[in-house]
Amino acid sequence: MIRVVLPAHLRKLAHVDREVSLDVVGPVTQRTVLDALEACYPMLCGTIRDQVTQRRRPFVRFFACEEDLSHDNPDAPLPEQVVSGVEPFLVVGAMAGG
Amino acid sequence: MSAIRVLVGTRKGAFILTSDGKRERWDVSGPHFAGWEIYHVKGSPVDPNRIYASQSSSWFGQVVQRSNDAGKTWETVGNKFAYDGTTGTHQWYDGTPHPWAFARVWHLEPSVTDVDVVYAGVEDAALFRSTDGAQSWHELPGLRTHESGPRWQPGAGGMCLHTILLDPSNPRRIFIAISAAGAFRSDDAGETWRPINHGLRSEQIPDPTAEVGHCVHRIAMHRARPHVLFMQKHWDVMRSNDSGDNWIEVSGNLPTDFGFPIDVHAHEPETIYVVPIKSDSEHYPLDGKLRVYRSRAGGNEWEALTNGLPQRDCYVNVLRDAMAVDSLDACGVYFGTTGGQVYASADTGDHWAPIVRDLPPVLSVEVQTLE
């Protein structure tokens, strides 16, 4: 199971606790994880990725294993610790504002 | 026994205020959708238990919420706002072409005849319609693709379609307004549009009487007389007696004619309300005195309404969608401020009192009159 940690705004929207667990079919990438997340929680469609372009929203970041994966290719494999469930995939609202 | 429900959108959530017809004691529920910007909340005239809310965030984009039980519970509905066909460009602040890009829903306007039909005015300016209770949205592209579209330019708050007026006597007629393109009218249910800005004069654009480019802040109409429109422009309060074909200025004796909201009394089509704001660079009341101005003559002759409103050291703003009226016999008038107060008058503006204070900055106020 892939572990995904959501920011507070999205946890409230999806009515979930801090972390959710997902079955991901096939290669574990940003795209397949987010596809699985949106399939389980359709109210999150459009909140992490733009509905039309499917690009990451500008103020959303993806972290895992203490690395910023936000600018990685969405089809690149995620770290093995994420695939094995040892480490979570973090969806983070970027620090912005004063 | 009548009751009133006030729907308040703020920078950090929605609030619902309810009272009986006396409008003296108010219950406050909320924040709903805490932490999110709620640009607009509006109930269906067909079924007042059906309420739509526009929920957005600079981080997490646009969400649309729907309630079928008067705001007790909510469900997320469709939030895919895809422009129809070629996106094209409008002018950016520096005059260069800029691709249309969806940012948020500013205004939701439920149909006056069908509970599942609702319109959305969005930034970058476009009009969307849903016929399935907001589950899916489809653009009415004739507006955005109007030949003047490439010349539209955003106002300071973005290029937003903020006003949607549905003519209750003619289901094919729709009025909309865009900052800073101006007002437009469709007479074929949104298929085609024409600018209706003749008579507007804006010194802030190269040609002050241009067909488009005016920063219209708000338009209002009375249901019984939908061919008469009232407009609060960036500067100037305007009136049209011919469905927007021609406008005349009715600022009259207002101390300043800059402002954002404008509304019409529920039973007196010639009684209108504005909240004068000092200027485009100083978005607060003149002299620190919060005053609603009422005209009982459809403009030109205005009286200040001050009883119960702060008359010193008040430097809040009242935004374009933050004023509404109820339809009880003694028409109630309501407005919210960027300081988080919602003021109400149960006697057409003669006396005011805050019905809630210290909310986050208020973005919108709508009122439902319940039987």
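Up top is the structure.
Structural notes, computed from the coordinates. (Residues numbered from 1 in each chain as written. Chains lettered and ligands numbered in written order. Predicted model: local features only at pLDDT ≥ 70, side-chain atom pairs only at ≥ 80, totals over all residues.)

**Notes on the overall build of chain B**
- Helices and strands together make up the secondary structure of chain B, namely one helix and 30 strands.
- Relative to the 2.2 N^0.38 estimate, which gives 21 Å for 371 residues, the radius of gyration of chain B is 19 Å and therefore close to what a compact globule would have.
- Summarising its shape, the C-alpha atoms of chain B cover approximately 50 × 45 × 40 Å along the three principal directions.
- Burial status across chain B gives 54% buried among its 371 residues. (Helix = DSSP H or I, 4+ residues; strand = E, 2+ residues; numbered from the N terminus. Rg over C-alpha atoms; globule rule 2.2 N^0.38 Å. Buried ≥ 20, exposed ≤ 12 C-beta atoms within 10 Å, placed from the backbone.)

**Considering the overall build of chain A**
- Across its full length, chain A carries three helices and five strands.
- Along chain A, helices (α) and strands (β) appear in the sequence β-α-β-α-β-β-α-β when read from the amino end.
- The C-alpha extent of chain A, read off along each of the three principal axes, is 35 × 25 × 25 Å.
- For chain A, buried positions account for 28% of its 98 residues.
- Within chain A, contacts between residues at least 6 apart in sequence are counted, and of these 54% link residues at least 24 apart. (Contact = placed C-beta atoms within 7 Å.)

**Some thoughts on the nonpolar core**
- With 132 residues, the main nonpolar core has B:Val8, B:Ile176, B:Tyr334, B:Val342 and B:Val365 as its most contacted residues.
- The dominant element in this core, judged by the number of residues it contributes, is strand 15 (residues 174–179) of chain B, at five residues. (Core = buried A, V, L, I, M, F, W, Y, C linked by C-beta atoms within 7 Å.)

**Focus: the environment of B:Asp116**
Residue and element names in this part refer to chain B.
- Its location among the elements puts Asp 116 in the loop between strand 10 (104–110) and strand 11 (118–123).
- On the basis of neighbour counts, which here come to 16 C-beta atoms within 10 Å, the residue Asp 116 falls in the partly exposed class.
- For the pair formed by Asp 116 and Glu 24, sequence separation is 92 residues and the distance between their alpha carbons is 33 Å.
- When sequence neighbours within four positions are dropped, the list of residues in contact with Asp 116 reads Thr 131, Asp 132 and Gly 133.

**Topic: the sheet that holds strand 28 (residues 342–345) of chain B**
Residue and element names in this part refer to chain B.
- Strands sit in the order 26-27-28-29 across an open sheet of four strands; the sheet is antiparallel. The open sheet terminates on both sides in strands that have one partner only, identified here as strand 26 (323–325) and strand 29 (353–356). Each strand of the sheet is rotated relative to its neighbour by a mean of 30°, with strand direction disregarded.
- Alignment of strand 26 against strand 27 (residues 333–336), held across three bridges, turns out to be antiparallel. Pairing of Val 325 across the sheet is with Val 333, part of strand 27. (Pairing = 2+ DSSP bridges. Axes fitted to C-alpha atoms, helices over the stretch in contact; angles between N-to-C directions.)

**A look at the environment of A:Gly85**
Residues and elements named next belong to chain A.
- As for its placement among the helices and strands, Gly 85 is situated in the loop between helix 3 (80–83) and strand 5 (89–93).
- Taking the C-beta count within 10 Å as the criterion, Gly 85 has 11 such neighbours and is therefore assigned exposed.
- Between the alpha carbons of Gly 85 and Leu 22 there is a distance of 9.9 Å; along the sequence they are 63 residues apart.
- Apart from residues no more than four positions distant in its own chain, Gly 85 is found in contact with Met 1, Ile 2 and Arg 3.

**Overview of the pairing of strand 6 (residues 61–67) of chain B**
All names here are of chain B.
- Counted residue by residue, strand 6 has six buried out of seven residues, so it is predominantly covered.
- By the bridge criterion, seven bridges tie strand 5 (residues 51–57) to strand 6 in an arrangement that is antiparallel. In the strand pairing of strand 6, Tyr 52 is matched with Arg 66.
- Taking the residues that link successive antiparallel strands as the turn, the strand 5-strand 6 hairpin has three residues.
- Pairing between strand 6 and strand 7 (residues 75–77): three bridges, direction antiparallel. Note that in strand 7 the partner of Arg 66 across the bridge is Glu 75.

**Digging into the interface of chain B and chain A**
- Taken together, the contact pairs 13 residues of chain B with 13 residues of chain A.
- Taken together, the residues of the side of chain B that touches chain A sort by class into five nonpolar, seven polar and one charged. (Nonpolar A, V, L, I, M, F, W, Y, C, P; charged D, E, K, R; others polar.)

**Observations regarding the pairing of strand 14 (residues 160–166) of chain B**
All names here are of chain B.
- Within strand 14, six of the seven residues are buried, which leaves it mostly tucked inside the rest of the structure.
- Where strand 14 and strand 15 come together, six bridges link them in antiparallel fashion. Along strand 15, the bridge assignment pairs Leu 161 with Ile 178.

**Things to note about the sheet that holds strand 5 of chain B**
Residue and element names in this part refer to chain B.
- Pairing within the open sheet is antiparallel, and its four strands lie in the order 4-5-6-7. A strand with exactly one partner marks an edge of an open sheet, and here the two such strands are strand 4 (37–43) and strand 7. Averaged over neighbouring strand pairs, the angle between their axes works out to 30° when direction is ignored.

**Examining helix 2 (residues 30–40) of chain A**
Residues and elements named next belong to chain A.
- Taken residue by residue, helix 2 has Gln 30, Val 33, Leu 34 and Leu 37 as its buried positions. Looking straight down helix 2, one finds its buried side chains confined to an arc of 95°; they lie on one side.
- Its buried side turned inward, helix 2 meets strand 1 (2–5), strand 2 (19–22), strand 3 (60–64) and strand 5. (Arc of directions from axis to C-beta.)

**Section: unusual backbone geometry**
- Cis geometry is adopted by the peptide bond preceding B:Pro31, which originates at B:Gly30 and carries an omega value of 0°.
- With respect to the secondary-structure elements, B:Pro31 resides in strand 3 (residues 27–32).
- Residue B:Asp124 is reached from B:Glu123 by a cis peptide bond, and omega for that bond is -10°.
- Examined against the element boundaries, B:Asp124 turns out to sit in the loop between strand 11 and strand 12 (126–130).
- In this structure, A:Gln54 is a non-glycine residue whose phi angle is positive, near 65°.
- Within the secondary structure, A:Gln54 is located in the loop between helix 2 and strand 3.
- Backbone geometry places B:Phe33, a non-glycine residue, at a positive phi of 60°.
- Considering the arrangement of structural elements, one finds B:Phe33 in the loop between strand 3 and strand 4.

**A short note on the environment of B:Pro97**
- By secondary structure assignment, the location of B:Pro97 is in strand 9 (residues 97–99).
- In this structure, the C-alpha to C-alpha distance between B:Pro97 and B:Glu203, residues 106 residues apart in sequence, is 23 Å.

Any functional reading would require information beyond the geometric quantities listed.
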